[in-house]
Amino acid sequence: MMKSKLQLLLCCLILQHSVTAQWEYEPSAAHPFGQPNPAAPKQLLDFAPLIGECNCKSQSLGADQKWAEPVDMVWRFKYIMNGMAVQDETLKADGKHSGSIRQFVADSLRWYVHYYNSASPALELPVWEGTKKDNNKIILYKPQKAPNGMDGFYRLSFYDIDKNGFKWIGEWVDKTESVVFPTWKINCRKREIQE
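Thresholds, definitions, all that
- Residues numbered from 1 in each chain as written.
- Predicted model: local features only at pLDDT ≥ 70, side-chain atom pairs only at ≥ 80, totals over all residues.
- Heavy atoms only, no water.
- Helix = DSSP H or I, 4+ residues; strand = E, 2+ residues; numbered from the N terminus.
- Buried < 20%, exposed > 50% of the residue type's maximum accessible area, 1.4 Å probe, protein only.
- Contact = heavy atoms within 4.5 Å.
- Areas by Shrake-Rupley, 256 points an atom, 1.4 Å probe, with all protein chains shown as cover.
- pLDDT = per-residue confidence, 0-100.
- Phe/Tyr/Trp six-rings, centres within 6.5 Å; stacked < 30°, edge-to-face > 60°.
- Lys NZ or Arg CZ within 6 Å of the ring centre and 35° of its normal.

Novice: I keep staring at the overall build of the protein and nothing clicks. Help me out?
Specialist: Along the backbone of the protein there are one helix and ten strands. Written out in order from the N terminus, the α and β elements of the protein read α-β-β-β-β-β-β-β-β-β-β. Across the 195 residues in the protein, those meeting the buried criterion constitute 33%. Taking the contacts inside the protein whose residues are at least 6 apart along the sequence as the reference set, 36% of them involve residues at least 24 apart. Working note: accessible area of the protein is about 12100 Å², and carbon and sulfur atoms make up 58% of it.

Put into structure tokens, the structure is as follows:
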């Protein structure tokens, strides 16, 4: 009888450990935005300074080629898939919310970012790809033609990244990146976690 109770206790401890290991890096009360999994590629830490919540101002270029009034926005980044990837979401005052799943693929040494939004749900998510540069910028590209048909990319850049926040810009660029046309910019400041 004693042996079977001991075996049962041992089985419960092993099961508890394996179940905990499945989500030990997920968001929790102690770590509201999750934690990076030590088994993830080291590049997962490219987004470490962005993890958390920021108060942001988002501005888009209007059809009149003038910048619209800034829209208040909360931009939240967290670790997902037990700390193996990063998810972000934006909550905008104008009701146009968006988000993305960010995975680093070690075989290609590149980030792949799958974007979605509430204004235009898509059957297939657009994908940007890119890397963190030596100048502490994270730059991502997606092929896109200009309105005149010229081949190029829509380039997304995270820059001026520090513990207090970051800046972001979306720009159309030609294939040589000598023609640059900004269409969207966001400035973000970190905010304290609200209990």
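Novice: Please explain the confidence of the model for the protein as it appears in this structure.
Specialist: Any residue range with low pLDDT should be treated as having predicted coordinates unsuitable for detailed reading. Counting all residues, the mean pLDDT for the protein is 89, and 88% of those residues have values of 70 or more. The low-confidence segment residues 8-19, where pLDDT is below 50, has zero contacts with residues more than four positions distant or belonging to other chains.

Novice: What is the right way to look at the packing of aromatic side chains in this model?
Specialist: The way to describe two aromatic rings as a pair is by their centre distance and the angle between their planes. By the definition in use, this model includes 14 aromatic pairs. An angle of 75° between the planes, with centres 5.0 Å apart, marks the rings of Trp168 and Trp184 as edge-to-face. Placement of Trp168 in strand β9 (residues 165-174) and of Trp184 in strand β10 (residues 180-190) is noted, with a sequence separation of 16 residues between them. For Trp168, a relative accessible area of 5% puts it in the buried group. Owing to a relative accessible area of 21%, Trp184 belongs among the partly exposed residues under this scheme. Here the aromatic residues Phe47, Trp75, Phe77, Phe104, Trp111, Phe158, Phe166, Trp168 and Trp184 are joined through ring pairs into a cluster of three or more. Here the guanidinium or amino end of Lys142 rests over the ring plane of Trp128, the centre of that ring lying 5.2 Å away. Its end group placed over the ring of Trp67, Lys185 keeps NZ or CZ at 4.4 Å from the ring centre.

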